[in-house]
Amino acid sequence: MLIEIPLDSTVRAMSKSVSEFIEEGLRRSKTIDCFDFVPSNYRMVYSVLRPMPRERFCEWGSGMGIVTGLAEMLGFDACGIEIDSQMAAASRELLADFGLAATIETGDYFEICHDAEVYFTYCWPGQMQRVEQHFLSSVTPDHAKLLICHGAEDIRCKVKPGM
Ligand SMILES: C[S@@+](CC[C@H](N)C(=O)[O-])C[C@H]1O[C@@H](n2cnc3c(N)ncnc32)[C@H](O)[C@@H]1O
């Protein structure tokens, strides 16, 4: 079982360019037919990431790539994994259009590994146990943190026991 640790989620101001990136991502996401895509609360995700050390970041189920892009804008070495190929292609285009270099891999995050200090995921409630088990058994380094949404407005930070 993972251990939940406190998270600094003080709401932080965003620059105009960050807001424009989020708005454009949301606008483009509406043109794509992907049942599984539900947007996060990006202001909240941005606020959570901002005080964290800028290390490697991997988004499991990156959708439109907005969180991956925000992580890069904040200085993380960011990447995403997205199973829906249309969504993945659109997210690559969005990132490129905003001059961002973060990579998006098309595929299943239960099968693809990218080492990172910070992982982020917003999955269906019925998947959360599997996701946490996957994090526990497959992720390196051991001190990595999992930011997992229990709903768009409820981001929690979890770590492996003893970390
Ligand atoms: C609720 S949406 C969240 C998208 C994005 N993380 C965000 O916050 O904007 C979940 C995304 O995960 C993708 N997804 C679901 N299962 C996946 C899997 N096993 N591997 C990769 N992507 C997956 C879906 O296609 C969808 O885009």
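In short, a report on the structure. For clarity, every value in this text was computed on a predicted model and none was experimentally measured.

1. Thoughts on the pattern of salt bridges
Thought 1: Applying the stated criterion across every chain yields a total of nine salt bridges.
Thought 2: A salt bridge links Glu-20 to Lys-16, with the shortest nitrogen-to-oxygen separation between them at 3.1 Å. Taken together, the residues span about one helical turn, with Glu-20 and Lys-16 both in helix 1 (residues 16–29) at a distance of four residues.
Thought 3: Given a relative accessible area of 39%, Glu-20 falls into the partly exposed group.
Thought 4: For Lys-16, a relative accessible area of 67% puts it in the exposed group.
Thought 5: Measuring nitrogen to oxygen at the nearest pair gives 2.7 Å for the salt bridge that ties Glu-24 to Arg-27. Here the residue Glu-24 and the residue Arg-27 both occupy positions in helix 1, the gap between them amounting to three residues, near one helical turn.
Thought 6: With relative accessibility at 18%, the residue Glu-24 sits in the buried group.
Thought 7: Shared partners join several salt bridges into a network, and the residues in it are Glu-24, Arg-27, Arg-28 and Asp-97.

2. A closer look at the sheet that holds strand 2 (residues 56–60)
Thought 1: What the seven strands build is an open sheet, ordered 1-7-6-5-2-3-4; its pairing is mixed. Taken across any chain shown, the strands that pair with only one partner, and hence form the sheet edges, are strand 1 (3–5) and strand 4 (103–106). With direction set aside, neighbouring strand axes in the sheet form an average angle of 25 degrees.
Thought 2: Strand direction decides the pairing type here: strand 3 (residues 77–82) and strand 4, joined by four bridges, are parallel. From the neighbouring strand, Ile-81 faces strand 4, where its bridge partner is Glu-105.
Thought 3: Packing against the sheet, helix 4 (residues 85–97) makes contact with strand 3 and strand 4, and its axis sits at approximately 170 degrees to strand 4.

Reading the values: the criteria
- Numbering of residues starts from 1 in every chain and runs along the sequence as written.
- Totals for whole chains, interfaces and linings use all residues, but because this is a predicted model, local features are given only for residues with pLDDT of at least 70 and pairs of side-chain atoms are given and counted only at 80 or more.
- Calculated side-chain values reflect all of the structure's heavy atoms, with hydrogen atoms and water omitted.
- Basic side-chain nitrogens of Lys or Arg form a salt bridge, by our definition, when they fall within 4 Å of a carboxyl oxygen of Asp or Glu.
- A run of H or I in DSSP counts as a helix once it spans at least four residues, and a run of E counts as a strand once it spans at least two, with each numbered from the N terminus.
- The buried label applies to any residue whose accessible area, calculated with a 1.4 Å probe on protein chains only, is under 20% of its type's maximum; exposed applies above 50%, and partly exposed to all values in between.
- Two strands qualify as a pair provided DSSP detects at least 2 bridges between them.
- Here, axes are lines fitted to C-alpha atoms. For helices the fit covers the stretch in contact, and angles between N-to-C directions go from 0 to 180 degrees.
- By definition in these notes, contact holds between two residues if any of their heavy atoms fall within 4.5 Å.

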